[in-house]
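Listed below are the residues making up each chain.
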Amino acid sequence: MSQLDPRECEREAQREIPGSLFDWVMAQRREVFFSLGPAGTFQAVGMGSQDLWGFSPQEILGRSFLDLVDPRDRAEVSELLEMFPQEGQMGPVRTRFLGRDGRGVELVWRLAPGPGARLHYGLARPYVDRRELDDRAGSAVHELEVFKNALDEHAIVAITDARGRITYVNDKFCAISKFAREELLGQDHRIINSGHHPRDFFTDLWRTIKAGRVWKGEIKNKAKDGSFYWVDTTIVPYLDDRGVPFQFVAIRADITERKNGEEAIRQSQKLESLGVLAGGIAHDFNNLLTTILGNCNLASMALPADSPASPYLDQIEKASMRAADLTRQMLAYAGKGKVLILRVNLNILVQEMTQLLSVSISKKATIRLDLAPALADVMADPAQMQQLIMNLVTNANEALSPDTGGTITLRTGEQDLDAYYLGTLCPAIPIPPGRYVVVEVSDTGCGMDRELLDRIFDPFFTTKFTGRGLGLSALMGILRGHGGSIKVYSEKGHGTSMKLFLPALGSGEQESGAAAPAETTPAAGTLLIIDDEEAARGVARNLARAMGMQAIEAADGAEGLDVYHLHRKEITLVLLDLTMARMDGRETFARLKAADPSLQVVLTSGYNEQFAVSDFTGGELAGFLPKPYNRCQFEAAIRAGLAKVRT
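Since we're looking at a predicted model, the values are computed, not measured.

Student: Please provide a residue-by-residue account of the sheet that holds strand β5 (residues 120-126), values included.
Tutor: In space, the 5 strands of this open sheet follow the order β2-β1-β5-β4-β3, with antiparallel pairing throughout. Either end of the sheet is taken by a strand with one partner, and the two such strands are β2 (42-45) and β3 (90-98). Across the sheet, the mean angle separating the axes of adjacent strands is 30° when strand polarity is ignored. Here 7 bridges tie β3 to strand β4 (residues 104-113), and the two strands are oriented antiparallel to one another. When the sheet's bridge partners are listed, threonine 95 is paired in β4 with leucine 107.

Student: For the environment of leucine 66, give the residues involved together with the corresponding values.
Tutor: Looking at the element boundaries, leucine 66 is found in the loop between α4 (57-60) and α5 (71-87). Distance in space between the C-alpha atoms of leucine 66 and leucine 81 is 9.5 Å, their sequence separation being 15 residues. If we ignore the near neighbours within four places in the chain, the residues touching leucine 66 are Arg74, Val77, Ser78 and Leu81.

Student: Lay out the pattern of salt bridges with the relevant residues and their values.
Tutor: Evaluation of the coordinates by the stated rule reveals 28 salt bridges. With a closest N to O distance of 2.9 Å, arginine 591 and glutamate 587 form a salt bridge. Of this pair, arginine 591 and glutamate 587 both sit in helix α19 (residues 585-595), 4 residues apart, which is roughly one turn of the helix. Exposure remark for arginine 591: the relative accessible area of 44% places this residue in the partly exposed category.

Student: Pulling in residues and values, what's your account of the environment of valine 344?
Tutor: For valine 344, the position within the fold is in strand β11 (residues 342-344). With relative accessibility at 6%, the residue valine 344 sits in the buried group. If we skip the residues at most four places from it in the chain, valine 344 touches Leu349, Asp377, Val378, Ala380 and Pro382.

Student: Break down the packing of helix α17 (residues 534-547) against helix α21 (residues 631-646) for me, citing the residues and quoting the values.
Tutor: At a minimum axis separation of 10 Å, α17 and α21 run at an interaxial angle of 70°. What the angle tells us is that α17 and α21 run roughly perpendicular. Across from Ala540, Leu543, Ala544 and Met547 in α17, the residues of α21 making contact are Arg631, Phe634, Glu635, Ile638 and Arg639.

Student: Can you explain the packing of aromatic side chains? Please cite residues and give values.
Tutor: The description of an aromatic ring pair rests on the distance of the ring centres and on the angle between the ring planes. One pass over the structure, following the stated rule, counts 12 aromatic pairs. Ring geometry for tyrosine 421 versus phenylalanine 501: centroids 6.0 Å apart, planes at 70°, classification edge-to-face. A residue pair is termed long-range when its members are at least 10 positions apart, and tyrosine 421 in helix α14 (residues 419-422) and phenylalanine 501 in strand β17 (residues 496-503) qualify at 80 residues. Arginine 94 extends its terminal NZ or CZ atom over the ring of tyrosine 127, reaching a point 3.9 Å from the ring centre. When the ring centre of tryptophan 230 is taken as reference, the NZ or CZ atom of lysine 259 above it lies at 4.3 Å.

Criteria and thresholds
Residues numbered from 1 in each chain as written. Predicted model: local features only at pLDDT ≥ 70, side-chain atom pairs only at ≥ 80, totals over all residues. Heavy atoms only, no water. Pairing = 2+ DSSP bridges. Helix = DSSP H or I, 4+ residues; strand = E, 2+ residues; numbered from the N terminus. Axes fitted to C-alpha atoms, helices over the stretch in contact; angles between N-to-C directions. Contact = heavy atoms within 4.5 Å. Salt bridge = Lys/Arg side-chain N within 4 Å of Asp/Glu carboxyl O. Buried < 20%, exposed > 50% of the residue type's maximum accessible area, 1.4 Å probe, protein only. Parallel < 35°, antiparallel > 145°, perpendicular 65-115°, else oblique. Phe/Tyr/Trp six-rings, centres within 6.5 Å; stacked < 30°, edge-to-face > 60°. Lys NZ or Arg CZ within 6 Å of the ring centre and 35° of its normal.

Function cannot be read off these values alone, since they describe shape.
Here's what the structure looks like:
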């Protein structure tokens, strides 16, 4: 027999023969399964030992196999054990054993080599039929090995003792946790605790398995490199003859991909629902601003140029325009914020912002530009692109140390994104494979841990003082509206990098043409105003009359159709609100066009143009007037509509 340190034998048994995996056969009472270490001592014993020898498994563990052999057969068995390492197989052997009370027990037993030839699997049962025992013993030992291999191939397996210390892990456990086996053995599962679950979660787990019951659930763990993974877990307690757990077997399945998918769906649904809320608020607020701004302009027109009230009206107009900027940000969060889509070169945009960026950050911070030459253009709203870059640079600046400062790098480039790389982007705003322009803002600041990274795009979440608005969630809305996405990488103490991806524009793609300059001559004709907001109708009516036009009003789409049929010959142009209660602008427009295909209609809405006109095909509308609008914007839209009437 090989002469090894007994402690090494015990460690070898923990690594190579996890006895709990075989308890489904070791619990049998008609036969006993066991394993022997290099010194011929019992390393694992099945429950059948109680019936065959009169000893419990705990009483036999660590004892020599020869101690149980009848002295009359001991010399023969000792010789067989000495020869076993060279022979590789033993048995079946018919041997007399001694039970607890000294009674003789005639058994048939055999040995088979275990992994690495360090341990040996054994099977013993009362002598009945030699041939039958031979077949059953061989198949049982083989079945044990097949079972173990199949389980290890499919599942993440760990075994702990009664105190929760790890005594065995398989290769899959090491692979997903990124810990070496030597780092795990002897530890408890706190080594992979993610901190995601509350204390009560684990209290309930331990209460269940210590009571001898099976526990099932989903657990979020943390790997050695700090990444997180989810496992569907079943923990089975194994009981001694008193019904007390002496070890626990945990069998897990990796469900990280499924959980990430579920989280992406939840995040997307949350953004969508909040986007609907933000869009609705912005729309209603724009209707109110239309009344404020329009009446402010009308009041200015009614006053002499040197009126002392003029400066106050100017302040009202400026405040209204700032409020309109706020609604545009809310619409951007809702993904309905494309205001002016142009062909934009982000290199030029960044260079034009350099001075603004420099005065917006700490004096101890340095901005470094690394702009790729010949960068492709993108189709985007320049103001929203400036907002994206400004927000990211401001966030990067606030991550730097106020005492030592640091460096903020703004880098541009192009990248072909395949399906694999797309899987690393923000799952809430997926994009298709293709070529994208990349804008990266990185800093040398404090960085973020995984828990913070999971929350940075939540609406109103901030690591700074409260009241900072929609924050990075608005960034997601803008990117979603532009067909883009984002990738964030950060490490605590090592800074943060945020990459924006926007579809690269091919050389054949062009921006929409600019509108022709508005006329300044007095207008003529009759404007039909269809809007369910009485104040908004009043503003439009008075602005139209100031242009020299007549105005007729209708409070909703259904009334608008009646008014149109009544004054059909008088009406030159229609100003139609998109969102109305009884009959919305889409249905009203369709019925007006059915009555007169040549009728020209200017659409107005508190939503932005790209969203508002999405259900109208090209050329159907005579123009679009976004709310809120001032006198100049109103006149420009109405004159453009009148120009189409003349043509």
